[in-house]
Amino acid sequence: MSEFSDLLFSSLNTDTFYANMLEQATDGVMIIDDQNRIVFFNGAAENLWGCAASSVLGHPVDCLLPLQKYLNHQYDTNQHLSDQVDHLPRTGHEITFTRSNGDDVIAEISLSSALIGINHKRYYMIFIKDVTEAFYCRKIMTIQNDVFKALADHSDIQNIANMLCHKVEQLTPGTLAILLQISISGSISILSAPHVPDDELLGLNHATLSPSDIQSLGVNPLFARQLIWDKHNTSTGSTKFQNCQAIGLYDNHKNVIGIFSIFSYKNQQITDCSQKILLGCSPSCVAIIENEKNIQKRNQFNALDSLTGLLNRTALTTHLRQMLAQAAQTPFAILILDIDLLQDVNNVMGYHNGDILLQTIARRIAAFCHNHHLVARLGGDDFVVILPDADRKKASALAHNLNRITHEPIKIQGRDFITSLSIGISFYPSDGNTVEDILAASEIAMRQAKKQARGSFRFFGKGANSSVRERLVIGSALREALQKKQLYLAYQPQICALSGVLCGVEALSRWHHPTLGVIPPSTFIPIAEETGQIEAIGLWSLEKSCEQITIWEQNAIYVPIVSVNMSAVHFGSLDLPEQIVCILKKYNLAPHRLTIEITESVMMRQDPETTANLTAIRNIGVGLSMDDFGTGFSSLSRLAQIPLTEIKIDRSFIEDFENNISSLVVAEAAINIGKRLGIKVVTEGVEHKEQEIKLQELGCDILQGYLYSKPLTAEDFPRWLAAFPSRWQHSRAHTPPTNALKHREQ
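The rules behind each value
- Residues numbered from 1 in each chain as written.
- Predicted model: local features only at pLDDT ≥ 70, side-chain atom pairs only at ≥ 80, totals over all residues.
- Heavy atoms only, no water.
- Pairing = 2+ DSSP bridges.
- Helix = DSSP H or I, 4+ residues; strand = E, 2+ residues; numbered from the N terminus.
- Buried < 20%, exposed > 50% of the residue type's maximum accessible area, 1.4 Å probe, protein only.
- Contact = heavy atoms within 4.5 Å.
- Patch = residues over 30% accessible without salt bridge, like charges linked within 9 Å, V, L, I, M, F, W, Y side chains within 5 Å.
- Areas by Shrake-Rupley, 256 points an atom, 1.4 Å probe, with all protein chains shown as cover.
- Salt bridge = Lys/Arg side-chain N within 4 Å of Asp/Glu carboxyl O.
- Lys, Arg positive; Asp, Glu negative; His and termini not counted.
- Charge placed at Lys NZ, Arg CZ, Asp CG, Glu CD.
- Core = buried A, V, L, I, M, F, W, Y, C linked by side-chain atoms within 4.5 Å.
- Phe/Tyr/Trp six-rings, centres within 6.5 Å; stacked < 30°, edge-to-face > 60°.

Participant: In this structure, what is going on with the pairing of strand S20 (residues 562-565)? I would like to understand it.
Facilitator: On any regular strand, side chains alternate: one points to one face of the sheet, the next to the other face. For strand S18 (residues 502-513) and S20, the ladder comprises three bridges, and the chain directions are parallel. Looking at the pairing, Ala507 lines up with Val564 of S20. Note: S20 against strand S21 (residues 594-599), four bridges, orientation parallel. Residue pairing across strands places Val562 opposite Leu594, the latter belonging to S21.

Participant: I'm lost on the side chain of Ser261 in this one. Help?
Facilitator: For Ser261, the location among the structural elements is in strand S9 (residues 256-264). Classification of Ser261 as buried rests on a relative accessible area of 0%. Residue contacts for Ser261: discarding those within four places in its chain leaves Leu176, Ala177, Ile178, Ile228, Gln245, Ala246 and Leu278.

Participant: Would you take a moment to explain a negative patch on the surface for this structure?
Facilitator: Among the surface-exposed residues, Glu655, Asp656, Glu658, Glu687 and Glu690 lie close enough to one another that they form a single negatively charged patch. Checked against the element boundaries, Glu690 lands in helix H24 (residues 689-698).

Participant: Help me understand the nonpolar core, please; the structure alone is not making it clear to me.
Facilitator: Where a protein is soluble and globular, its nonpolar side chains tend to be buried together. Membership of the largest hydrophobic core comes to 59 residues, with the highest contact counts inside it found for Ile580, Leu594, Ile596 and Phe717. Look past the residues within four positions of Ile596 in its chain and what remains in contact with it is Leu542, Val564, Met566, Phe571, Ile580, Val622, Gly623, Leu624 and Ser625. Core analysis: the next-biggest nonpolar cluster, separate from the first, contains 33 residues, Ala161, Ile277, Cys285 and Val286 among them.

Participant: What is the right way to read the packing of aromatic side chains from this model?
Facilitator: Here the distance between the centres and the angle between the planes together describe a pair of aromatic rings. Tallying each qualifying case throughout the model produces 13 aromatic pairs. Here a set of aromatic residues connected by ring pairs shows up, and it is made of Tyr491, Trp552, Phe717, Trp720 and Phe724.

Here's what the structure looks like:
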């Protein structure tokens, strides 16, 4: 121990001891005199600045360090002299200086001063610690945290990428950052370049890397610099950029997904530090690109029809809006294709086999159109094909070819099916200026083709559009008609042909709209059936008519029977018999005083629901009448099976049967059928006395028409009744006057 102490004591007496200690210090040490000249510069300082001590000794410190920004020597000296302090510490300052190779160095400095020699000359000792890597690591971690937080918050990907580029540009002054995404095929798209002029991006945007480029980049991330710089210079020719640095980006499977690069300008050097920053930011770049790819996949999935893989209605609408937003309104055609008989396949063979048919047709359409026309599935069994720069000739040819490709048999469960397409065609802008208008126009034309000749095509016509608009207006107004009590019932008397007395009324729906005026039943009833409102109207008519004959009876007006029209929709519901029973009970009305009228086409249906409802209604005791008898395709065998109480001969058979022997024969045959089946026969449309006489001769039971009265409101009916011939008085006494009346009530 004494030997070490002696050695240390002897060393302290030499300048060599201090010089060696400072020379071997791991941090840079620099000593300057009171004239600001460097008098000592250790090895660590040489490494830090990249220059030899011999090149800086005797030179002002400002050649290496902008010390005047941080220290005022004159102030320090004066302060020291006044305070008699040997050491003046200056610790914790971060400064930035430039190494000889151009790299920026961020260092932490500490300063001490001392008075040396008999003259007490002041010297300053500066300790410099390199914190560049720690500084950039801290900054990169901050960037990464900001990026991942923004991704977790589902912020806009473009904004996140722009934020990343902006922060990197702040870390590397004099540079501009670009984040590129590379697809599987090698195509380049610019994900972010917030401050780069557009003309500097010409060679990068939509450029494509060759397979060899992708292979080289996959092996060497730094190969990205050569790729980007070459593609940029090839297209721009002259550029404001001096140089660039870039790094390849990869997913978890080592696939190339992007490139992150910075370009220098204003004669700014790109240093090794910039490369480290790019490398440090690469995880953030990969996360941004992967999220963008996931969004693209999700959007693509959301844009595709899950059954056929074609664009869905939402994607089609978006694409059409983009086409309409273009400055040059180039005309195009929209073809809506409807698969004929698909519903029959669904009903007979099940929806799975219907889907097979749908998918097969979709593949054929897509294969035929290839990349020339946009194809989408509109929904159900409808497809859309957009034909750019089209006229009627081109659209006709396309429609013909599309139908032709469906004629090849499709094998489903060992069976060959041959289908066809009903196609509607409209043109932009002649048939509409909005997406909704031109799609609706094609839909209207398609419905016409399907109605007139399946497997054909039709062009949209303005007349059809007017008709559709009228139906839309009426359909919309009809929804409020019941709520606002715009609908009412009119009652047309039915007269016994033998006795001439009233034996019932038919309740007929009427509509008076406050602005549209009187809307005839021939207009609004079909629309009600199309829009699904007929069920509500039918039930309202049923209850209102039962209520009305009860009110009349309370006022000493006896109406034996009321007939109410019901649609096919009602007979498809097994709730109908129960609904009828509830209404009869509500108004304490005997079942035989109600007759339900239904069309011939519905009566002929043999589905279980219709048959069950017909039987249940008759079991209640309510009458059943077949309306418009003779206008459809009645089967006599089916007619004999239906529990009818009456049939109604359509007015078309008696309009001219005095002069038309064919009409007379048909009317007589219908009356005879009723008699043979033991049911009453009602003839409507009786307007002349001659018709009445002839029908009486033929044995018709009940007559209805303008010869007796037009349909009357509930308020007008009593006044008509009072003016009716005196023979009506028999029925006012509540006694059915004839066998015919009794028969009808049974």
